[in-house]
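Below, each chain spelled out in residue letters.
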Amino acid sequence: MTAINQVTDYALVGDVGVITLNSPPVNALSAPVRDGLAGGVAAALADPGAKAVVIICEGRTFIAGADITEFGGPQKGASLFDVQEAIEGASKPVVAAIHGTALGGGLEVALCCHYRVAVPSARCGLPEVNLGLLPGAGGTQRLPRIVGVEKALDMMTSGQHVPAKECLAMGLVDEIVDEGKLREGAAAFASRIVAEGRPLRKVRDLDEKMAAARGRPEIFENFRKANARRFRGFLAPEYNIRCVEAAVNQPFEEGLKTERKMFGELIAGSQSAAQRYAFFAERQAAKIPDVPDDTPTIAVNKVGIIGGGTMGGGIAMNFMNVGIPVTIVEVKQDALDRGIATIRRNYERSRTAKPEETEARMSRLTGSLDLASLADCDLVIEAVFERMDVKKDIFARLDAICKPGAILATNTSGLNIDEIASATKRPEAVIGLHFFSPANVMKLLEVVRADHTSKEVIATSMKLARKIGKIAVLVGVCPGFVGNRILGARQREANKLIMEGAMPWDVDRVLYDFGFPMGPFAMSDLAGLDIGWVKERSKGETIRDVLCEMDRRGQKTGAGWYDYDENRVAKPSPVTEKILHDFIVKSGANPRKISDEEILERCIYPMINEGAKILEEKKAIRASDIDVVWENGYGWPVYRGGPMWYGDHVGLPKVLEKMKAFEAQMGETYKPAALLEKLAAEGKRFADL
Ligand code: 3HC
């Protein structure tokens, strides 16, 4: 074995030269990896004993892409394009041996190899779109040549990691070898290629699938139309599509030039910067300064859930999906039956779960009417309605029932968890696990640390969140925690704006155009205006009271803020407009015309200000955690980075100036956070904290 550099070895195995890369954690194509590849290929080509070459990786994965941390920095080491040319132009067959994930630049290197083998658990993908990019190392030109236009468009615009078996079926992988035997399998494959005298197959020269798509621009138009909703606001999907069009319509070298140009535009733009930031922010959120990675954790082999409603049922599914048995406790048999039936229906409706999987998952669920049946659970999550007295009563009883060491969690979306914990004699075991509805779908989990929550309980919750596929963010106890507290600031503004003369559909449109999936009034119509509204107590004092009293309770009654037609298509409502007008006049004011710019600033800047207060009070560890919450739980468009990132990029002095102006006009509620004042004065950003 010869060391090529600190991350690369070369060895001759029989008649095959094997280049091994070992650059943890994911063998990203950093300068040393590129140098190592270049050196390894040169060594293999110069080795008279080597008739073929294999490129393989140590550790958990094949090359998982370019090294994202190098983006924007000075170019060091061998250029990726030169390395790719050396591989593709090699005089001996080169085989990529794939395990883990061959992603982005990693797959683009594999596409320059003449053949690709993989183990069954491997996956391939071009996930650059999720970073606001496109595959910039020939992937947009080579992938369609090998898998065809439709599949390439799907892979490139979804960023999906495609399992080895599917890769084999679509020709991306040439052979699947036994799990755990990749090195031997790939070397045997390479020897066979030589023995059979198979050609040096260059993907760039394939034309059959391009010819099939040539002169059929409707393929692209149909694809754009079918995915318009998913792509809304994002630049990268369209750029990816244009590159595939270039692959079809331009010679290979020209297509590469198009790709390079478009990659250059994307990487210099703010969307990709925001999306790359989001990638690292998500990973950063898992790191808690005073709870190191090696903190002991509690084994969670059985979970109890109190409350079998929409929330409890959704939470249960997360654990059932990963093989953890769940007991749901309800107070009445019919509620329990309904809850369990809903879970089954959710599985049956899901496109991904096969019938036998549904049965396997359902077999992990037990229903009970007795809290005592939670005695042997390692984790209990309370998901009943938001009333402090009810929650305290439940926690006092859990304290008496649950085994020592069990974690007692509440799914409250904003109540004081310290107070809930005070109902027990083990506040160190109490934590908030705030799931978002629908809990089996939404990625975000706010893990709420109370005053006495132990480090073991925090570490276990964070680890468990990852196991059930959630993005967990650790936050502190305060009304609404991080997400709902900031939502409160936006909601207050939205409500105020319509009392000044903006129409609900104006506010919704501005926020929708900003990139949110829905504005607050459309959302309210969807959820129902009558959540928390009590007919007997309603005195027509608020706009909501009036709307509900008129039976305009949202989509379900065919009218709310908006009017709805029989297909539930929303239209601005003259009725709402009149009610608003009357309310404003009754309050002694005059409705005024409010610009879109003002609507946006009034909705967004107070959110940033609230985020600054949250940081000041240390209820979030870092600004990027707040952004992770808003992107994954509240539909903040990822290409705008989250409220704190957005604030940094608008410029904190500007945000401060506007908040001061709002304060002068409308009072104390708008007082700028001290942290905002400080950062703006020092010319710093939230990201510098
Ligand atoms: N560059 C730099 N660092 C990377 C990286 C990359 N491409 N991919 C992962 N990392 C880092 C992560 O930041 C993390 O660091 P940390 O431990 O300090 O937080 C560490 O590697 C482990 O990553 P994960 O926690 O995500 O590990 P998982 O095992 O859960 O997932 C993975 C592994 C599926 C490879 C996932 O990391 C991933 O999706 N990575 C990004 C893949 C990607 O987007 N590739 C395309 C890059 S762009 C490109 O190739 C451009 C080209 O076309 C020119």
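Scroll up for the structure.
Presented here is an overview of the structure given in this document. Fair warning: this is a prediction, and the values are worked out from it, not measured in the lab. Numbering of residues starts from 1 in each chain and follows the order in which that chain's sequence is written. Residues qualify for local features only when their pLDDT is at least 70, as the model is predicted, and side-chain atom pairs are given and counted only at 80 or more; totals for whole chains, interfaces and linings, by contrast, use all residues. Heavy atoms throughout the structure, all of them, feed into the side-chain values; hydrogens and water do not.

### Describing the overall build of the chain
Operational definition: For helices the rule is a DSSP run of H or I covering at least 4 residues; for strands it is a run of E covering at least 2, with both sets numbered from the N terminus onward. Only the C-alpha atoms count toward the radius of gyration. The rule for a globule is 2.2 Å times the residue count to the power 0.38. For each residue, the accessible area found with a 1.4 Å probe, counting protein chains only, is set against the maximum for its type, and the residue is called buried under 20%, exposed over 50%, and partly exposed in between. Residues count as neighbours in contact if any of their non-hydrogen atoms are within 4.5 Å of one another. Method for areas: the Shrake-Rupley scheme with a 1.4 Å probe, in which residue coverage is limited to the protein chains shown.
Along the chain, the regular secondary structure elements total 29 helices and 20 strands. Rg of the C-alpha trace for the chain: 28 Å, near the compact-globule value of 26 Å for 689 residues, within the 12% margin. When the backbone C-alpha atoms are referred to their principal axes, the chain occupies close to 90 × 60 × 55 Å. Out of the 689 residues in the chain, the part that is buried amounts to 53%. In the chain, of all internal contacts separated by at least 6 residues, the share reaching a separation of at least 24 is 72%. For the chain, the accessible area works out to roughly 29,900 Å², and carbon and sulfur atoms hold 54% of it.

### Let's talk about the pairing of strand β14 (residues 379-382)
The line we're drawing: Pairing between two strands is assigned when DSSP locates at least 2 bridges connecting them.
The side-chain alternation of β14 yields two buried faces, one formed by Leu379 and Ile381 and the other by Val380 and Glu382. As paired strands, strand β11 (residues 303-306) and β14 are joined by four bridges and run parallel to one another. Among the inter-strand pairings, Ile305 is bridged to a residue of β14, identified as Ile381. Where β14 and strand β15 (residues 407-410) come together, four bridges link them in parallel fashion.

### Notes on the packing of aromatic side chains
As a reminder of what qualifies: A pair of aromatic rings is counted whenever rings of Phe, Tyr or Trp (Trp by its six-membered ring) have centres within 6.5 Å, and the orientation is called stacked for planes under 30 degrees apart, edge-to-face for over 60 and tilted otherwise.
Applying the stated criterion across every chain, the model contains 17 aromatic pairs. Centre to centre, the rings of Tyr115 and Phe189 are 5.9 Å apart; their planes meet at 65 degrees, and the pair counts as edge-to-face. Within this pair, whereas Tyr115 is found in strand β7 (residues 115-118), its partner Phe189 is found in helix α7 (residues 182-195), the two being separated by 74 residues in sequence. The two residues Tyr115 and Phe189 agree in class, both being buried. Judged by centre distance (5.2 Å) and plane angle (80 degrees), the ring pair of Phe514 and Trp636 falls under edge-to-face.

### Some remarks on the pattern of salt bridges
For side chains bearing opposite charge, pairing can occur when the charged atoms are close. Quick reminder of the rule: For this analysis, a salt bridge means a side-chain nitrogen from Lys or Arg found within 4 Å of a carboxyl oxygen belonging to Asp or Glu.
With the rule as written, the count across this model stands at 53 salt bridges. Between Arg344 and Glu359 there is a salt bridge, and its shortest N-O distance comes to 2.9 Å. Taken together, the positions of Arg344 in helix α15 (residues 333-349) and Glu359 in helix α16 (residues 355-362) put the pair 15 residues apart, joining distant regions of the chain. Among the residues examined, Arg344 registers a relative accessible area of 27% and is labelled partly exposed. Among the ionic pairs, Arg485 bridges to Glu617, the shortest N-O distance being 3.0 Å. In this pair, Arg485 is assigned in helix α20 (residues 483-498) and Glu617 in the loop between α25 (596-616) and α26 (623-633), connecting sequence segments 132 residues apart. Note on Arg485: relative accessible area 13%, which makes it buried. Exposure remark for Glu617: the relative accessible area of 40% places this residue in the partly exposed category. Because the salt bridges share partners, they merge into one network encompassing Arg492, Glu493, Lys496, Glu500, Arg592, Glu598 and Arg602.

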